[in-house]
Amino acid sequence: MGNTMIKVNHLSKAFGDLEVLRDINMEVSEGEVVCIIGPSGSGKSTFLRCINQLETPTSGEVLYKGENICDSTADIRKFREEVGMVFQRFNLFPLKTVLGNVTMAPVLTKHRNKSEAKEIGMELLKKVGLENKAHVMPSTLSGGQQQRVAIARALAMEPAALLFDEPTSALDPELVGEVLNVMKDLAKEGMTMIVVTHEMAFARDVADRVIFMADGYVVEEGPAKQVMENPKEERTKTFLSRFLNQ
Amino acid sequence: MGIDLELLQTIGPMLFRGLKVTMEIAVIGILLGFILGSLCGYALQGRNKIAKGIANLYVWIMRGTPIVVQALYVYFVVPEIIGLIKGERMVLDPTLAGILVITLNAGAFISQLVRGALDSVDIGQKEAGASLGLSKMQIMIHIIIPPAFRSIIPSLFNQFIISVKDTALLSMISVNEITRQTQNFVMRTYKTIPGYTVCAIFYLVLLSVLMIVQKLVEKKIASK
């Protein structure tokens, strides 16, 4: 593992009186894959969204390569260019073709010329197995295909890390595999990833480290194998019991 | 007192001269109204309280007064007030006043469409744009406006049809559009029944053509 890339210190988030995250601490190194698991409503997604400031934390800090991006003077756009995100509901731009979705941001933010962006875009679509769909509209694709386009779109920014917010939760069961396979390939290539997921096998087999969250707390964290197969905390054991007994 | 060839030869050219004025006012009015309505609609859903207040005031006045009164006000009262301030008599060209009235009126209704359309763009797409490092302006231009614009095209066309009909009220301020031309014809010839009948049929054909175009446009949008 490389140097620390993202470090979260004492992060809390409340929506009005509702405390969703309480004093979360986390460190992610370059090339590391961290999976965040836990019951629905435990704050996993909110935590991920706080990392790139789609939600503003109530307190605490998020350090990216040593710089606190929660600071009002921090360049959040620069951070977002370097740390991409993949959403549960794909969030593709419906009026743009598949390739248009992938090339838009690099052209706008990196001022890449269009033909170059298209070339790289086609490369990425090939990588996620959708080069033959480059010129169709996203609405004609299956959920799994749309999510792979969303991954290609995030990769087009040449990110240093990717955040995945339950990337397979909105998919029909038979489409989950194709998305997880793309994510496994990314992990193998050394992409730094933080993945909020309900896919326990993926967490065990692909993640370097697993964080178990419940009720806004980090209940347990450690090497993937250990947390997934030999959890220490009762709460983790209960949560994982169905998975472990399979 | 039937509708004969001689009558059509007299009223026909008048109606077509009126048509030119009607369409000129409606087209320019809806285009300017779209610009005005877009600005106000943007203000209505934005965070700037002063801009929002001004836009709300404008929409309130337009919705709360009849278009005839607006026309009379723009044509008679506004030049009078400007005259008092500048100290010299001022006359507003009726067609210009008409364009102004249609612009103001259409703009108020379009602002409501624009506000709704901007609000209705899926927040997930805005977040996707933000997560890719786009600026607020880039998100507005490249992510929010295209689907919002598309969603209001049918309603915009509807407003255009309403505006075309609204121009008839501008006969009150001596704009030489279709209705005024008919009034002139009837006043000169006393041929009340055929005059207004031809006028009504003329409008019906005009509006039917516009309604057919509207259907085609809607189909085209739906098919994409």
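Note that the structure is a prediction, hence the values are computed from the model and not measured. (Residues numbered from 1 in each chain as written. Chains lettered and ligands numbered in written order. Predicted model: local features only at pLDDT ≥ 70, side-chain atom pairs only at ≥ 80, totals over all residues. Heavy atoms only, no water.)

Q: What should I look at first to understand the overall build of chain B in this one?
A: On a plain count of helices and strands, chain B comes out with eight helices and zero strands. For chain B, the α and β elements follow one another from N to C terminus as α-α-α-α-α-α-α-α. Projected onto its principal axes, the C-alpha positions of chain B cover 70 × 55 × 25 Å. The burial tally for chain B puts 43% of its 224 residues in the buried class. Once local pairs closer than 6 in sequence are excluded, the contacts in chain B between residues at least 24 apart make up 76%. Total accessible area on chain B is roughly 12400 Å²; 69% of this is exposed by carbon and sulfur atoms. Treating the 20 positive side-chain charges of chain B as one cloud and the 12 negative ones as another, the clouds have centres 6 Å apart. (Helix = DSSP H or I, 4+ residues; strand = E, 2+ residues; numbered from the N terminus. Buried < 20%, exposed > 50% of the residue type's maximum accessible area, 1.4 Å probe, protein only. Contact = heavy atoms within 4.5 Å. Areas by Shrake-Rupley, 256 points an atom, 1.4 Å probe, with all protein chains shown as cover. Lys, Arg positive; Asp, Glu negative; His and termini not counted. Charge placed at Lys NZ, Arg CZ, Asp CG, Glu CD.)

Q: How should I be thinking about the interface of chain B and chain A in this particular structure?
A: A common way to express how large an interface is: the accessible area buried when the components associate. Contacts between the two partners involve 18 residues from chain B and, on the opposite side, 23 residues from chain A. Interface area lost by chain B to chain A is led by E127, S131 and L132 of chain B, which between them contribute 36%. Where chain B touches chain A, the interface holds one salt bridge. With its nearest N and O atoms 2.6 Å apart, the salt bridge here joins R49 of chain A to E127 of chain B. Applying the counting criterion to the chain B and chain A interface returns four residue pairs in polar contact (both at pLDDT 80 or more). Listed by contribution, the elements that provide at least two residues to the side of chain B that touches chain A are α5 (123–131) and α6 (136–166) of chain B. With seven residues, the single largest contributor to the side of chain B that touches chain A is α5 of chain B. Grouping the amino acids of the side of chain B that touches chain A by side-chain chemistry returns seven nonpolar, eight polar and three charged. (Buried area = accessible area lost by both parts, 1.4 Å probe. Salt bridge = Lys/Arg side-chain N within 4 Å of Asp/Glu carboxyl O. Polar contact = N/O pair within 3.5 Å; in protein donor to acceptor, adjacent residues only side chain to side chain. Nonpolar A, V, L, I, M, F, W, Y, C, P; charged D, E, K, R; others polar.)

Q: Honestly, the packing of helix α1 (residues 5–45) of chain B against helix α2 (residues 49–64) of chain B in this entry has me stumped. Any pointers?
A: Geometrically, a packed helix pair is captured by the angle between its two axes and the distance between the axes. Residues and elements named next belong to chain B. One way to put it is that α1 packs onto α2 with a least axis distance of 8 Å and a crossing angle of 125 degrees. Between α1 and α2, the angle falls in the class oblique. In the packing of α1 onto α2, the handedness of the crossing is left-handed. Residues L36, C40, A43 and L44 of α1 form the contact with α2, whose own contacting residues are A51, K52, A55, N56, Y58 and V59. Its residues assigned to classes, the contact of α1 with α2 comprises eight nonpolar, one polar and one charged. (Axes fitted to C-alpha atoms, helices over the stretch in contact; angles between N-to-C directions. Parallel < 35°, antiparallel > 145°, perpendicular 65-115°, else oblique. Left-handed = near helix turned anticlockwise from the far one by under 90°.)

Q: Explanation requested: the pattern of salt bridges in the structure shown.
A: Side chains carrying opposite charge are able to pair once their charged atoms draw close together. Residues and elements named next belong to chain A. Tallying each qualifying case throughout the model produces 12 salt bridges over all chains. Here E158 and R112 are joined by a salt bridge, their closest N and O atoms 3.0 Å apart. Of this pair, E158 sits in the loop between α5 (143–155) and β7 (161–165) while R112 sits in the loop between α3 (98–109) and α4 (114–127); the two residues are 46 residues apart in sequence, bridging distant segments of the chain. Among the residues examined, E158 registers a relative accessible area of 52% and is labelled exposed. Through salt bridges that share partners, E32, R209 and E221 make up one connected network.

Q: Would you mind showing me how to read the pairing of strand β3 (residues 33–37) of chain A here?
A: On a regular strand, each side chain points to the face opposite its neighbour's, so the side chains alternate between the two faces of the sheet. All names here are of chain A. By the criterion of burial, β3 is predominantly enclosed, with five of the five residues buried. Where β3 lies against strand β8 (residues 192–196), four bridges are found, and the strand directions are parallel. By the bridge assignment, V34 is partnered in β8 with I194. Pairing analysis gives four bridges linking β3 to strand β9 (residues 209–214), with the strands arranged parallel. Directly across from I37, in β9, lies its bridge partner F212. (Pairing = 2+ DSSP bridges.)

Q: Can you help me understand a nonpolar patch on the surface in this one?
A: Residues and elements named next belong to chain B. Residues Y73, V78, I81, L84 and I85 make up a contiguous nonpolar surface patch of roughly 530 Å² in combined accessible area. Summarising the element assignment, Y73 is placed in helix α3 (residues 67–86). A residue is classified by how much of its surface remains accessible, and Y73, at 44% relative accessible area, is partly exposed. (Patch = residues over 30% accessible without salt bridge, like charges linked within 9 Å, V, L, I, M, F, W, Y side chains within 5 Å.)

Q: Any chance you could explain the side chain of E166 of chain A here in plain terms?
A: Residues and elements named next belong to chain A. Tracing the chain through its elements places E166 in the loop between β7 and α6 (173–188). Here E166 is buried and forms no salt bridge, its nearest opposite-charge partner K44 lying at an N-O distance of 4.1 Å. Among all residues touching E166, those that are not within four sequence positions of it are K44, S45, Q88, V196 and H198.

Q: Sorry, what's going on with the sheet that holds β3 of chain A here?
A: Pairing between the strands of a sheet comes from backbone hydrogen bonds, and it takes one of two forms, parallel or antiparallel. Residue and element names in this part refer to chain A. Here six strands make up an open sheet; going across it, the order is β6-β7-β8-β3-β9-β10 and the pairing mixed. Edge positions in the sheet fall to β6 (83–86) and β10 (217–223), since each has one partner strand and no second. Each adjacent strand pair in this sheet contributes to an overall mean axis angle of 15 degrees, direction not counted. Across four bridges, the pairing between β6 and β7 is parallel. Bridging across to β7, V86 finds its partner in F164. Packed onto the sheet, α5 meets β6 and β7 and runs at close to 170 degrees relative to β6.

Q: Hey, could you run me through the packing of aromatic side chains in this one?
A: Given two aromatic rings, their pairing is described by the distance between the two centres and the angle made by the two planes. Residues and elements named next belong to chain A. Using the criterion set out here, one finds six aromatic pairs over all chains in the structure. Both rings, one in Y64 and one in F79, keep their centres 5.0 Å apart while their planes meet at 85 degrees; by these two values the pair is edge-to-face. With Y64 in strand β4 (residues 59–64) and F79 in helix α2 (residues 76–82), this pair connects stretches of sequence that are 15 residues apart. Residue class for F79 comes out buried when judged on its relative accessible area of 2%. (Phe/Tyr/Trp six-rings, centres within 6.5 Å; stacked < 30°, edge-to-face > 60°.)

By themselves, these figures tell us nothing about what the structure is for.
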